[in-house]
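# Structural features, examined
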Amino acid sequence: MSEELFPEPGWLSEEVKTGTTIIAVTFDGGVVIGSDSRVSAGESVVNRVMNKLSPLHDKIYCALSGSAADAQTIAEIVNYQLDVHSIEVEDDPLVCSAATLVKNISYKYKEELSAHLIVAGWDKKGGGQVYATLSGLLTKQPFAIGGSGSFYINGFVDAEYKKNMTKRECQEFVVNALTLAMGRDGSSGGVAYVVTIDKDGTEEKCVLGNELPKFFDE
Amino acid sequence: MDRHHPYSQVNGVSTGTTILAVKFNGGVIIGSDSRASMGESYVSSKTINKLIQVHDRIFCCIAGSLADAQAVTKMAKFQLSFHSIQMESPPLVKAAASIMRELCYSNKEELRAGFITAGWDRKKGPQIYVVSLGGMLLSQPFTIGGSGSTYIYGYVDAKFKPDMTLEEATQFSTNALALAMGRDNVSGGVVHLVVITEAGVKHIVVPGDELPKFHDE
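Residues numbered from 1 in each chain as written. Chains lettered and ligands numbered in written order. Predicted model: local features only at pLDDT ≥ 70, side-chain atom pairs only at ≥ 80, totals over all residues. Heavy atoms only, no water.

The test is simple: UniProt positions are given in the numbering used here, feature names are shortened, and annotations may be inferred rather than shown by experiment.
As annotated in an unreviewed UniProt entry, chain B is Proteasome subunit beta from Danio rerio. Database annotation for chain B, UniProt heading Catalytic activity (unreviewed entry): "Cleavage of peptide bonds with very broad specificity."

As annotated in an unreviewed UniProt entry, chain A carries the name Proteasome subunit beta and comes from Danio rerio. Word for word, the UniProt comment on chain A under Catalytic activity (unreviewed entry) is "Cleavage of peptide bonds with very broad specificity."

Dropping the structure here:
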């Protein structure tokens, strides 16, 4: 049968996922949050340059993984809730508040939603902070990784992470980790998006594919 | 009647495992953890040997079904001993790898095991070959395998250098295995290394309480 010779491409029938590599790391004075840029449906690449780092507030970002639609929706809802919250308290929200809002949605709708968001940012009370929100569990960590590509870099980040890195060291660590994951995970690739957040504000950067560092076999 | 057995009792013993081989200046180091598990929950052995000697300077690292792995390496050992008598010479590492490939490819519907073949011979010195599930044969300067290897691809890709010294390669291997054992719950126990050079074979065991410590340990 001719259907077997030319199977339909995956994007026609598969859910779109940011099957993905995301990472957030604290340094001395702030956080760096990073992601790859590949969006896939089955084995098809749906978008080569999607930015998976969404602002929740001025100095708070989240990194999206899992179902692209679910992750984006959670980020939009929390962004709105934080805007209201910051007006109510007449101040910038805490990173922990943002993470709690994400956690609340993840837990309440855990049967329906299939997304994991890492929340990271800076606030004047706690400085740079990273929270992971796996399926509604809220955990504060010095760094967090997520997405399908993160399995390949567990060893690397466990070995190479150091407390109180400088901003530059931390940015380099994040780009290296993303590059190593993109090199092994078929669902991660493209460019590396990096956002650096400290008390002075946020700095966004995109490291193109041909500018990423090279490791074994590259 | 339907009897309910735990998952571990029906799936057999597996070396759900981390194995590794790396070339250095003058030889090759192979390594493994020492945990054997049933299902994913029962540790059936804490000190299983996954580095099987098939000839004087040729070893296989085993991953997957333990029964399959033992059967294949036993057959390979027999064929190699016969081959070396015929040739009146120690076998080449590539010959050992080809035998493994032939056994795995011919029986790929039945087998659930993958292998690394590594050793030293006079023709090409230190060599590493991978025979994956299904029977593909590939030469590599270093390689990792088993369920725990997933977690350390980033580490080994970043840290491997050609022409490491013996000390550097030993540290590289120990670190990689320790990192895998720290994340994979079917890898654990001790680090077992074998150093293979022209001069011979040397075993190193690093007990669990002497493994290097990383983040969260």
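### Considerations on the pattern of salt bridges
Residues and elements named next belong to chain A. Just so we agree on the cut-off: Criterion for a salt bridge: a side-chain nitrogen of Lys or Arg within 4 Å of a carboxyl oxygen of Asp or Glu. Numbering of helices and strands starts at the N terminus; helices are DSSP runs of H or I of at least 4 residues and strands are runs of E of at least 2. The rule is simple: take the accessible area with a 1.4 Å probe, protein chains only, and divide by the maximum for that residue type; under 20% is buried, over 50% is exposed, in between is partly exposed.
Taken as a whole, this structure holds 10 salt bridges over all chains when the rule is applied. When the shortest N-O distance is used, the salt bridge between Lys124 and Asp91 registers 2.6 Å. Linking Lys124 in the loop between strand S8 (115-123) and strand S9 (127-132) with Asp91 in the loop between helix H2 (68-89) and helix H3 (95-108), this pair joins segments that are 33 residues apart in sequence. Judged by relative accessible area, which is 62%, Lys124 ranks as exposed. Ionic pairing is found between Asp200 and Lys199, a salt bridge with its closest N-O pair at 3.4 Å.

### Regarding the UniProt feature "active site" (unreviewed entry) in chain B
All names here are of chain B. Filter applied, for reference: Note on definitions: a residue-residue contact is assigned when non-hydrogen atoms from the two residues lie within 4.5 Å. Counted as a polar contact is a pair of N or O atoms within 3.5 Å, where, for protein atoms, one must be capable of donating a hydrogen and the other of accepting one, and residues adjacent in sequence contribute only when both atoms are in side chains.
Using the residue numbers shown here, the UniProt feature "active site" (unreviewed entry) corresponds to Thr17. Inspection of the secondary structure assignment puts Thr17 in the loop between strand S1 (13-15) and strand S2 (19-24). Excluding anything up to four places from it in sequence, Thr17 contacts Asp33, Lys50, Ile62, Ala63, Gly145, Gly146, Ser147, Gly148, Ser149, Asp184, Val186 and Ser187. Of note is the side chain of Thr17, whose polar atom sits 2.5 Å from the side chain of Lys50.

### Points about the interface of chain B and chain A
Basically, it comes down to this: Throughout, the accessible surface (probe 1.4 Å) given up by two parts as they are put together, summed over both, is called the buried area. Residue type decides the class: Asp, Glu, Lys and Arg count as charged, Ala, Val, Leu, Ile, Met, Phe, Trp, Tyr, Cys and Pro as nonpolar, and the leftover types, Gly among them, as polar.
With 16 residues of chain B at the interface, the matching set in chain A holds 16 residues. Taking both partners together, chain B and chain A bury about 1500 Å²; carbon and sulfur atoms supply 65% of that area. When the buried surface of chain B facing chain A is broken down by residue, Tyr151, Asp157 and His215 of chain B rank first, second and third, together holding 37% of it. Remark: the boundary between chain B and chain A carries 3 salt bridges. Ionic pairing is found between Asp157 of chain B and Arg184 of chain A, a salt bridge with its closest N-O pair at 2.8 Å. Summed over the shared surface of chain B and chain A, the result is 6 residue pairs in polar contact (both at pLDDT 80 or more). A per-element tally of the side of chain B that touches chain A places helix H4 (residues 153-159) of chain B first, with 6 residues. Residues that form the side of chain B that touches chain A fall into these classes: 10 nonpolar, 3 polar and 3 charged.

### Quick word on the packing of aromatic side chains
Residue and element names in this part refer to chain B. This is how the line gets drawn: Only centres within 6.5 Å qualify two rings of Phe, Tyr or Trp (six-membered ring in Trp) as a pair; their planes then separate them into stacked at under 30 degrees, edge-to-face at over 60, and tilted for everything else.
Using the criterion set out here, one finds 10 aromatic pairs over all chains in the structure. The interplanar angle of 25° and the centroid separation of 6.5 Å between the aromatic rings of Tyr155 and Phe172 together place this pair among those described as stacked. Note that Tyr155 is positioned in helix H4 and Phe172 in helix H5 (residues 166-183), a separation of 17 residues in sequence. Grouping residues by exposure puts Tyr155 and Phe172 together as buried.

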